[in-house]
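Inside the fold
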Amino acid sequence: MLTAPILTARGLVKRYGRVTALDHADFDLYPGEILAVIGDNGAGKSSMIKAISGAITPDEGEIRLQGQVINFRSPIEARKAGIETVYQNLALSPALSIADNMFLGRELRKPGVMGQWFRKLDRSAMEKFARDKLSELGLMTIQNINQAVETLSGGQRQGVAVARAAAFGSKVIILDEPTAALGVKESRRVLELILDVRRRGIPIVLISHNMPHVFEVADRIHIHRLGRRLTVINPKDYTMSDAVAFMTGAKLPAEAIAA
Ligand SMILES: Nc1ncnc2c1ncn2[C@@H]1O[C@H](COP(=O)(O)OP(=O)(O)OP(=O)(O)O)[C@@H](O)[C@H]1O
């Protein structure tokens, strides 16, 4: 690949007591791609994503965003730098509306002379922004922007979380098992949404155990095993059973595309 990666990690190590969750793990994400991350339970996928998104601090190793070394001390710092992570629990507030959820922690306020926190919320601006973003991503089956998130279907909730991540000028979106809790139809909409986000030029890291979904949307597949990257494959060159065999150690990849 000729372009430079947007996000890289080299030699990440994370130990929890005697357990080594990351054992010199490497990672590369290129602009505009969907990179799937697969691996057996306990392989260290979540630990790697948490290190990249500021949720944990690695014991060793280096992470770079657009060539600059980063040392996030919290997920908020990662978000500010443009790395948005949608965790499985989505981090939405069920009782709040869609519009309010889109702006959780970064509400728009009306201009005023008082300090930022004394100014009134600019509800109409937030509603318009939320409506525009959802419609850009083809999510306007959601009729009412003031609907509480708890009244939405699982797929729609996932949609709101992804739209929120895409809306705030993200450089990278990380999705942790976005279809795990969804039915067939809802999964389909989320996969379409992922492809839409890529069309808008934002690279996506997709952690998933669902091989058909991975093979359907991923440009490259990072295979994680025993705390480190085993290889990266092009889904066009391998079958799902090859990928599972690499993941579980039943087979070793004869060749890997440049990672
Ligand atoms: N906070 C923690 N304390 C102790 N051990 C941990 C902690 N987090 C992860 N581990 C251990 O680190 C190893 C890697 O876990 P991790 O969650 O990163 O794997 P994973 O590939 O995401 O697994 P899964 O697919 O099951 O979610 C496992 O052995 C796990 O038990």
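Residues numbered from 1 in each chain as written. Predicted model: local features only at pLDDT ≥ 70, side-chain atom pairs only at ≥ 80, totals over all residues.

The name recorded for the protein in an unreviewed UniProt entry is ATP-binding cassette domain-containing protein, from Shinella lacus.

1. Examining the environment of F168
In plain terms, the rule: Starting at the N terminus, helices and strands are each numbered in turn, a helix being any DSSP run of H or I of at least four residues and a strand any DSSP run of E of at least two. Note on burial: count the other C-beta atoms lying within 10 Å of the residue's C-beta; 20 or more is buried, 12 or fewer is exposed, in between is partly exposed, and C-beta positions come from the backbone.
The topology assignment puts F168 in the loop between α5 (154-167) and β7 (172-176). Residue F168 is classed as partly exposed on the basis of its C-beta count, with 15 C-beta atoms lying within 10 Å.

2. Points about the pairing of strand β1 (residues 7-16)
Our working rule: Only strands that DSSP links by at least two bridges are regarded as paired with each other.
As paired strands, β1 and strand β2 (residues 19-29) are joined by eight bridges and run antiparallel to one another. Looking across to β2, one finds that T8 is bridged to D28. Remark: two residues form the turn of the hairpin made by β1 and β2, two consecutive strands paired antiparallel; G17 in that turn has positive phi of roughly 60 degrees. Pairing analysis gives five bridges linking β1 to strand β4 (residues 60-65), with the strands arranged antiparallel. Looking at the pairing, R10 lines up with E62 of β4.

3. Thoughts on the sheet that holds β4
Going by this rule: Structural elements are reduced to axes, namely lines fitted to C-alpha atoms, with helices fitted over the stretch in contact, and the angle between N-to-C directions of any two is expressed from 0 to 180 degrees. Throughout, a pair of residues is in contact if the C-beta atoms placed from their backbones lie within 7 Å.
Across the sheet, four strands lie side by side as β2-β1-β4-β5; this open sheet has antiparallel pairing. The sheet terminates laterally at β2 and β5 (68-70), the two strands that pair on one side only. Strand-to-strand twist across the sheet, computed as the mean angle between neighbouring axes with direction ignored, equals 30 degrees. Relative to β5, β4 runs antiparallel, the two being bridged by three bridges. Its bridge partner being in β5, L65 is matched across the sheet by Q68. Packing against the sheet, helix α1 (residues 45-52) makes contact with β1, β2 and β4, and its axis sits at approximately 60 degrees to β2.

4. A short note on the site of the ligand
Inclusion rule: Using a C-beta atom placed from the backbone, a residue is described as near a molecule or strand when that atom lies within 6 Å of it. Amino acids outside the nonpolar list (Ala, Val, Leu, Ile, Met, Phe, Trp, Tyr, Cys, Pro) and the charged list (Asp, Glu, Lys, Arg) are all regarded as polar, and Gly is one of them.
If you check the shell around the ligand, you find Y16, V19, A21, G39, N41, G42, A43, G44, K45, S46 and S47 and nothing else. Looking at the shell around the ligand, the elements that each hand over two or more residues are β2 and α1. Here the element with the most residues in the shell around the ligand is α1; it accounts for three residues. In the shell around the ligand, the residues fall into four nonpolar, six polar and one charged.

5. Quick notes on helix α6 (residues 184-199)
Here is the rule we go by: The length a helix should cover is 1.5 Å for every residue beyond the first. Each C-beta atom gives one direction from the helix axis, and the arc is the one those directions make.
Spanning 16 residues, α6 covers 23 Å between terminal C-alpha atoms, matching the ideal 22 Å at 1.5 Å per step. The set of residues buried in α6 consists of S187, V190, L193, I194 and V197. Projected down its long axis, α6 shows its buried positions confined to an angular sector of 115 degrees, all on one face. What points out from α6, more than 90 degrees from its buried face, is the exposed set V184, K185 and R199. The inward-facing, buried residues of α6 abut β3 (34-39), α5, β7, β8 (204-207) and α7 (211-217). Once α6 finishes, G201 follows within two positions and takes phi at roughly 90 degrees, a positive value.

6. Digging into the sheet that holds strand β6 (residues 83-86)
In a beta sheet, neighbouring strands pair by backbone hydrogen bonds and run either parallel or antiparallel. Here six strands make up an open sheet; going across it, the order is β6-β7-β8-β3-β9-β10 and the pairing mixed. A strand with exactly one partner marks an edge of an open sheet, and here the two such strands are β6 and β10 (228-233). Across the sheet, the mean angle separating the axes of adjacent strands is 20 degrees when strand polarity is ignored. Here β6 runs beside β7; their pairing, made up of four bridges, is parallel. The residue bridging T85 from the neighbouring strand is I174, located in β7.

7. Let's talk about the packing of α5 against α6
To keep it simple, the criterion reads: Orientation labels follow simple angle bins: below 35 degrees gives roughly parallel, above 145 gives roughly antiparallel, 65 to 115 gives roughly perpendicular, and whatever is left gives oblique. For any helix crossing, the convention is left-handed if the near helix is rotated counterclockwise from the far helix by under a right angle, and right-handed if that rotation is clockwise.
For the pair α5 and α6, the least separation of the axes is 9 Å and the interaxial angle reads 15 degrees. Relative to α6, the element α5 is oriented roughly parallel. Considering how the two elements wind past one another, α5 and α6 form a crossing that is right-handed. Only E186, R189, V190, L193 and V197 of α6 make contact with α5, whose side of the interface consists of G154, G155, Q158, G159, V162 and A166.

8. Comments concerning the confidence of the model for the protein
Test applied: Scored between 0 and 100, pLDDT is the confidence that the predictor attaches to each residue.
Averaged over every residue, the pLDDT of the protein is 86; residues scoring 70 or more account for 90%. Interface scoring of the predicted complex returns ipTM 0.96; its pTM is 0.86.

9. Description of α1
For α1, the buried fraction is high: eight of the eight residues fall into the buried class. Among the residues of α1, those classed as buried are K45, S46, S47, M48, I49, K50, A51 and I52. Positioned one or two residues after α1, G54 has a phi angle of 80 degrees, which is positive.

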